[in-house]
Structure formats: structure tokens, C-alpha cells
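Topology and contacts: notes
Listed here are the chains, written in short residue letters.
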Amino acid sequence: MPLLLKNARVVTADSDAVCDILIDGETIAAIGRNLTGPADTEVLDCTGKTIVPGGIDPHVHLEMPFMGTFSSDTYETGTRAALHGGTTTVIDFILQKQGNSLRAAFEEWSGRATGNAVGDYSFHMAVTDFNPSTKEEIKDMIAEGITSFKTFMAYKGALMIDDAQMVGLMQEVKQHGGLVTAHATNGDMIDTLIAQHRAQGKLTPLYHYLSQPEVTEAEASGRFADIANYTGVNAYIVHLTCEGALNQVRRATERNQRVLVETCIQYLLLDASLYEDEANGAKVVMSPPLREKKDQATLWAGLNQGLVNVVGTDHCPFMWAQKLMGKDDFSKIPNGHPAIEHRMELLFSEGVNKGKITLNKFVEVTSTNAAKIFGMFPRKGTISIGADADLVVFDPNKKHTISAATHHMNCDYSAYEGWELTGKIDTVLLRGKVAVAAGEAKVAKGYGQFIKRGKTNF
């Protein structure tokens with residue numbers, strides 16, 4: 001049955017107008033004023049509401065194995081929570097096991113997601129063991145629609161690759177037109193600082209933060225940019241947090257290099273003072289850690305300067321009982337926090353409503369730029385004829401309060417507990433179907449599709 005959305009303020013990355021949207025099947029059929037549809041068309045009056053493209057979160061970790069446990073959101077619970085928050089597509093990270101093939105990792109992660117995801121999803125491939133066999137698989141992964149490859153510059157012995165492997169991976173990915181992303185922190189320096197703090201009996205969550213000072217991220221970001229510049233590969237830094245790291249990106253622009261940058265909602269809104277709370281600091285232990293107020297100012301400015309292109313979440317939740325694995329030693333606290341559900345409402349309330357970014361910029365950094373960078377545009381990330389009808393209907397004036405008691409993520413706490421926001425998601429459509437309405441999910445597990453991605457178009 002066709003669906004007609006009437007009288008909404010429709011906002012994309014480069015437009016803003018009151019109009020109607022006609023949906024036929026899974027895609028947008030028409031956009032204009034005073035539209036009508038066939039006789040059986042369902043009409044949804046959106047007067048006073050704002051419609052934006054469905055959000056794309058390019059940095060999530062669902063059912064991820066880490067530190068002897070798994071992140072607590074499954075593909076079902078995580079993508080459902082994402083839909084409640086206006087995010088219609090997520091990109092998760094496949095983690096290659098050292099010594100195993102990329103294909104084996106792809107099959108393992110696909111087995112978790114297929115038939116379980118409620119919202120649409122895709123994958124990045126994290127390469128943790130680049131060798132002659134792995135090299136041969138790069139072109140095959142790109143043919144499968146996995147066109148981005150993550151590298152870790154930390155977590156030695158588990159995920160980290162060295163600079164020689166980095167160069168080889170970049171050269172191969174460059175040859176086939178893909179993108180290389182990096183967790184850009186200096187793992188050797190961090191490991192040394194962790195060992196020093198533990199030896200001194202400094203074991204509270206504060207020392208997680210103090211083991212990853214700004215220089216560890218700035219140095220690695222600069223090194224990643226330099227290697228990417230040498231190889232000529234498309235480069236993207238995930239979860240950038242601080243002034244020092246963004247200054248390395250600024251430096252790269254002086255030689256006419258483009259380094260794409262993602263930050264995450266927590267780095268814009270939360271700061272390192274939370275680690276001083278010994279009882280609750282573990283809730284916000286993540287890597288890189290939360291930073292200082294001056295870094296928040298830098299990141300907001302970076303969004304408006306076009307240096308920061310995407311706001312994701314690095315959603316990697318653990319239940320409180322899992323976090324307590326590190327109650328006596330910060331280095332044993334599973335890293336990550338829940339955010340997939342609140343990214344868009346937080347950024348709307350704290351960014352758009354407080355005048356830090358425009359509504360067009362909001363659409364850019366929550367949807368359109370990710371779609372272009374990760375090869376899904378114009379199918380995803382915009383409101384245009386022929387695009388997937390992934391749409392978010394916002395009530396821009398409705399106030400609501402975040403609480404673990406009411407969120408849909410499989411996590412028993414929230415870093416934003418008690419935050420009052422202005423701007424509430426009313427209705428979410430995924431490929432033409434109402435996925436969330438009045439706070440209730442209307443699609444079941446298995447509705448989510450794997451999105452085969454193309455190459456960067458940004």
C-alpha cells in the first residue's frame with residue numbers, strides 16, 4: 001500500500017522545504033507540494049514535524065567478542081534499539097582472528113546477523129593479520145560489498161597490526177578502490193603506561209584515562225595520515241576524540257591530503273571528569289577515553305569546518321556485571337558504552353537546538369556523509385526519488401528524558417541517565433515500512449537486510 005507523508009518540513013544535507021513525500025513499495029516515488037496518491041494510499045499528516053533521512057551509524061559492535069566476554073546487544077536488540085533512535089542502517093566490524101582468513105570471519109559475522117537483524121546493516125572488515133593469503137582476499141571482500149578495511153594501531157597480540165602490515169594493506173586496498181580506516185592510538189605507549197600504573201597500584205577507572213593521554217592519539221593519527229599519504233589510499237580515522245589528533249588532520253590538509261574523520265556523540269557531550277567517580281567510572285571506560293572540555297570545543301568546531309565528517313557511536317555495550325570484571329583493576333574493564341539509540345536525539349537537542357550546528361549539518365553528519373563515504377549513496381542517506389524510503393519523523397519540540405528504564409538497548413545503565421532532551425523521534429520508516437511508531441517497534445527480527453556497498457563517493 002502506498003504511503004503519503006503530508007505537510008512536513010523535509011530536510012536533507014542541502015535542502016529545507018515544507019512538502020509531501022509519496023512512498024511506493026520500498027522507495028520514494030515523488031516529492032512535492034499537494035501530492036496525491038492512488039486510491040488505496042495511506043496518508044500520514046506530518047504538520048509541525050520535521051523529516052530527515054534515516055540515520056546511518058558506521059561504527060557499532062554487536063555481539064562482539066572482547067576481553068573474554070561479548071558486547072551485550074545482539075543484532076536483534078541492537079538494530080531494534082537503533083531504529084527506535086532513528087538509525088535505520090548500521091555498519092558493524094568483522095574482526096578477523098589472527099591466523100584465520102577474512103572469509104571465515106565474514107561467514108562468522110554473517111551467521112550472527114542473517115535472519116536476526118531488525119534494521120539494515122553492513123560490515124567493515126577489521127584486518128588483524130595481513131599476510132600473502134589475506135592480501136589475495138581483499139578484492140574478494142570488495143566484490144562482496146565490503147569496501148572498507150579497519151586497522152588497529154593498539155591491542156597488541158590481539159588486534160594490532162604493525163606499520164609494515166599497514167603499508168601492505170593500504171597498497172592492496174588502494175589498488176582495488178577501497179577505504180582503510182584506523183583505530184589511531186599508539187598501542188605500545190598505552191601498554192607501557194598501563195603497566196606502570198598497575199605496578200604502582202593505581203587501579204581505578206581514572207587510570208584508564210591517564211594511560212591514554214592525548215599524545216597517544218595525536219601521534220598515531222599523524223602516523224596513519226602520513227602512511228596513507230604515501231600510499232594514496234582513501235583514509236578514515238574512527239572515533240577521533242581530541243584537539244591534538246584533529247590538528248594532525250589539519251596538518252595533512254596543508255599538503256592537499258584528505259583524511260576523513262569520524263567522532264562519536266559521547267566525545268561531543270561527555271568529559272573525563274566522569275572517571276573521577278570510582279563507583280561509576282567504569283560505565284564510561286572506552287578507548288579512546290573521554291577527553292577534556294577543550295576537546296569538545298575542538299570537535300564542534302571541526303564539524304562546522306568540515307574536518308569532522310561523521311558522528312557515530314562506537315556502540316559497544318556491556319552489562320554492569322560485565323563491567324565489574326574490572327572492579328579491582330581498570331585494565332580488565334570491558335571497553336565500550338551504549339549509545340546507538342540516542343545518537344540522533346542527543347545531537348539534535350544538544351547540537352541543533354543549542355545553535356552549535358545547523359539542521360542541514362545534522363543530516364550530513366548523521367546520515368549523508370556516511371552514505372557517501374561508505375558507498376551507499378544515493379540509495380541511503382538522502383531523500384530523493386528512487387532512494388530507499390528510510391525516513392525519520394521528528395517532533396522538534398517534544399521534551400523527553402533518557403533513562404535505562406525506558407531505553408531499548410540491552411544494557412542496564414545509561415551514560416545519559418536523567419538527561420532531558422528537546423526533540424523526540426515520532427515515526428521511523430525503513431524501506432517504506434513503518435518500523436517504529438509511538439515508541440513501539442512495528443517490524444520483527446529478520447526484516448533487516450545486508451547492504452552491499454560500493455566504493456567511496458565523497
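Data block above holds the structure.
Computed from a predicted structure; not experimentally measured. (Residues numbered from 1 in each chain as written. Predicted model: local features only at pLDDT ≥ 70, side-chain atom pairs only at ≥ 80, totals over all residues. Heavy atoms only, no water.)

A word on the overall build of the chain
- Scanning the chain from N- to C-terminus turns up 13 helices and 19 strands.
- Once the C-alpha set of the chain is aligned to its principal axes, its extents read approximately 70 × 50 × 45 Å.
- Per-residue burial over the chain gives 60% buried out of 458 residues.
- Sequence separation of 24 or more characterises 76% of the internal contacts of the chain that already satisfy a separation of 6 or more.
- For the chain, the exposed area adds up to about 16,200 Å²; of that, 50% sits on carbon and sulfur atoms.
- Charge-centre separation for the chain: the mean point of 44 positive side chains lies 2 Å from the mean point of 54 negative side chains. (Helix = DSSP H or I, 4+ residues; strand = E, 2+ residues; numbered from the N terminus. Buried < 20%, exposed > 50% of the residue type's maximum accessible area, 1.4 Å probe, protein only. Contact = heavy atoms within 4.5 Å. Areas by Shrake-Rupley, 256 points an atom, 1.4 Å probe, with all protein chains shown as cover. Lys, Arg positive; Asp, Glu negative; His and termini not counted. Charge placed at Lys NZ, Arg CZ, Asp CG, Glu CD.)

Notes on the pairing of strand 11 (residues 148-152)
- Along strand 11, five of the five residues are buried, which leaves the element largely enclosed by surrounding structure.
- Judged by which residues are buried, strand 11 turns out to be covered on both faces: Ser148, Lys150 and Phe152 on one side and Phe149 and Thr151 on the other are all buried.
- Where strand 10 (residues 120-126) and strand 11 come together, two bridges link them in parallel fashion. Bridge pairing in strand 11 links Met125 to Phe149. (Pairing = 2+ DSSP bridges.)

Points about the layout of surface pockets
- Taken as a whole, the largest pocket spans an internal volume of roughly 510 Å³.
- Considering the residues around the largest pocket, the lining is formed by 25 residues, among which Phe66, Met67, Tyr155, Ala158 and Leu159 are closest to the centre.
- Contributions of two or more residues to the lining of the largest pocket are made by strand 7 (65-66) and helix 5 (187-199).
- Counting residues per element, the lining of the largest pocket draws most heavily on helix 5, at three residues.
- Here the lining of the largest pocket is composed, by residue class, of 14 nonpolar, eight polar and three charged.
- Considered as a void within the structure, the second largest pocket measures approximately 340 Å³ in volume. (1 Å grid on protein atoms, 1.4 Å probe; cavity = no way out; pocket = protein on both sides within 12 Å on 5 of 7 lines; lining within 4 Å. Points joined across faces, edges and corners; volume = space filled by probe spheres on them. Nonpolar A, V, L, I, M, F, W, Y, C, P; charged D, E, K, R; others polar.)

Some points on the pairing of strand 9 (residues 87-95)
- In terms of burial, strand 9 is a largely internal element, nine of the nine residues being buried.
- Of the strand pairs in this sheet, strand 6 (residues 55-60) and strand 9 are connected by four bridges, and their pairing is parallel. Along strand 9, the bridge assignment pairs Val60 with Asp92.
- Pairing geometry for strand 9 and strand 10, over seven bridges, is parallel.

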